[in-house]
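# Geometric and topological summary
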2 protein chains.
Amino acid sequence: MSRAGDVVTAFWTAVDARDWGAVAATLADDVVYVVPQTRERVVGRDAVVRFNAEFPGDWNLSITTLVADDARAATTIRFVLPGEDDQTGIAFFTLDGTGRIARMEDWWPEPYEPPPGREHLVERD
Amino acid sequence: MSRAGDVVTAFWTAVDARDWGAVAATLADDVVYVVPQTRERVVGRDAVVRFNAEFPGDWNLSITTLVADDARAATTIRFVLPGEDDQTGIAFFTLDGTGRIARMEDWWPEPYEPPPGREHLVERD
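Quick notes on the rules
- Residue positions are given per chain, counted from 1 along the sequence in the order it is written.
- Labels are handed out in written order, letters beginning with A for the chains and numbers beginning with 1 for the ligands.
- With pLDDT at 70 or above as the cut-off, local features in this predicted model cover only qualifying residues; side-chain atom pairs require 80 or more to be listed or tallied, and sums for whole chains, interfaces and linings still use all residues.
- With hydrogens and water excluded, all non-hydrogen atoms of the structure serve as input to the side-chain values.
- Any carboxyl oxygen of Asp or Glu that lies within 4 Å of a side-chain nitrogen of Lys or Arg is treated as forming a salt bridge with it.
- The numbering of helices and of strands both runs from the N terminus, where a helix is a DSSP run of H or I of at least 4 residues and a strand a run of E of at least 2.
- Here's how the labels work: a residue is buried when its accessible area is under 20% of the maximum for its type, exposed when over 50%, partly exposed in between, all with a 1.4 Å probe on protein chains only.
- All copies are superposed by least squares; the fitting set is the C-alpha atoms of residues with a pLDDT of at least 70 in both.
- We call two residues contacting when some pair of their heavy atoms lies within 4.5 Å.
- By this definition, two strands are paired if DSSP reports at least two bridges between them.
- Polar contacts, as counted here, are pairs of nitrogen or oxygen atoms within 3.5 Å of one another; within protein the pair requires one atom able to donate a hydrogen and one able to accept it, and residues that are adjacent in sequence qualify only if both atoms are side-chain atoms.
- Buried area, as used here, totals the accessible surface that two parts lose on assembly, with accessibility defined by a 1.4 Å probe and the loss added over both.

## Structural notes on the pattern of salt bridges
Residue and element names in this part refer to chain A. By the definition in use, this model includes 17 salt bridges over all chains. Across the salt bridge formed by Arg 124 and Glu 113, the nearest N and O atoms sit 3.6 Å from each other. Of this pair, Arg 124 sits in strand 7 (residues 123–124) while Glu 113 is found in the loop between strand 6 (101–107) and strand 7, placing the two residues eleven residues apart along the sequence. Take Glu 113: its relative accessible area is 59%, and that puts it in the exposed class.

## Examining the relation of the copies chain A and chain B
When chain A is brought onto chain B, the operation consists of a screw motion whose angular component is 180 degrees and whose axial shift is 0.0 Å, with 0.0 Å RMSD remaining. The superposition of one copy onto the other is thereby described by a two-fold rotation axis. In terms of C-alpha distance to the rotation axis, chain A has Pro 109 of chain A as its closest residue, with the C-alpha 2.1 Å off the axis. A symmetric contact is evident, with 100% of the interface residues of chain A recurring at the interface of chain B.

## Remarks on the pairing of strand 2 (residues 40–43) of chain A
Along any regular strand, the residues point their side chains to alternate faces of the sheet. Side chains Glu 40 and Val 42 of chain A project from strand 2 of chain A onto a buried face, and the interleaved Arg 41 and Val 43 of chain A project onto a face without burial. The sheet contact formed by strand 1 (residues 27–35) of chain A and strand 2 of chain A spans four bridges and is antiparallel. Within the sheet, the bridge partner assigned to Val 34 of chain A lies in strand 2 of chain A and is Arg 41 of chain A. Connecting strand 1 of chain A to the next strand, strand 2 of chain A, in antiparallel fashion are four residues, including Arg 39 of chain A with a positive phi near 60 degrees. Judged from the two bridges that link them, strand 2 of chain A and strand 7 (residues 123–124) of chain B form a sheet pairing that is antiparallel. Across the sheet, residue Arg 41 of chain A finds its bridge partner in strand 7 of chain B, namely Glu 123 of chain B.

## Some words on the side chain of Thr 38 of chain B
Summarising the element assignment, Thr 38 of chain B is placed in the loop between strand 1 (27–35) and strand 2 (40–43). Within polar-contact distance, the side chain of Thr 38 of chain B engages the side chain of Glu 40 of chain B at 2.7 Å.

## Notes on the environment of Val 67 of chain B
Residue and element names in this part refer to chain B. Considering the arrangement of structural elements, one finds Val 67 in strand 3 (residues 60–68). Residue Val 67 is classed as buried on the basis of its relative accessible area, which comes to 1%. Put simply, Val 67 and Phe 92 are 25 residues apart on the chain and 9.5 Å apart in space, counted from C-alpha to C-alpha.

## Comments concerning the interface of chain A and chain B
On the chain B side, the residues contacting the 42 residues of chain A number 42 residues. Carbon and sulfur atoms supply 56% of the area that chain A and chain B bury against each other, a total of about 3900 Å² over both sides. Put simply, chain A and chain B have four salt bridges between them. Arg 118 of chain B is the partner of Glu 40 of chain A in a salt bridge, and the nearest nitrogen-oxygen pair spans 2.5 Å.

Purely spatial values, then, with no claim about function.
So, in structure tokens, the structure goes:
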């Protein structure tokens, strides 16, 4: 696996395990975490660790897709919260020169109804 | 750039140019296009080309992020429709053994308001 693939796998594994020391070890001091859909930005290792540690609920997660080269990675995760529908999270990561995560962009798409007019081309699950 | 990076760049460039012959050349005969948020599935090169060709509006698009290895790629695109807010599309691609797109998974996240309780960690743009 690529370096970024290893680092991102270690990051998500540590988040799922709530091993905040191991999460911190994957992050650059000045990591920037952005949520474009809410226009939120969290800056710095301690704040990013706390953002994850304080996320409410008895959740767990697993990686469902991983694409990576040496310095960048993209993942989908399945995020499971008991009693709620599973969610898919999508993240893009950029590593710094030391192999730590310098930037993470996090996306949470929601189900929607397809627009009319394309039924002749489409099957639905 | 990786092989998948080249193929995916050619795909999006051809879609933006509405060059449907060039789009078709990047796709496997039995390509599967899926939209997990709507549970839609489009199967086969001709149907996938038509799905894109029939998409309404005077849109254009450009690649904003590309992560790829030899056989897989992830992209974000900026999708611009005059008179509407720009949208971000996220896609994951898998190539077949001949270097054509065998599977494309397409996501369209929408803006949302952040949940309360994390303001102490977050800046907003």
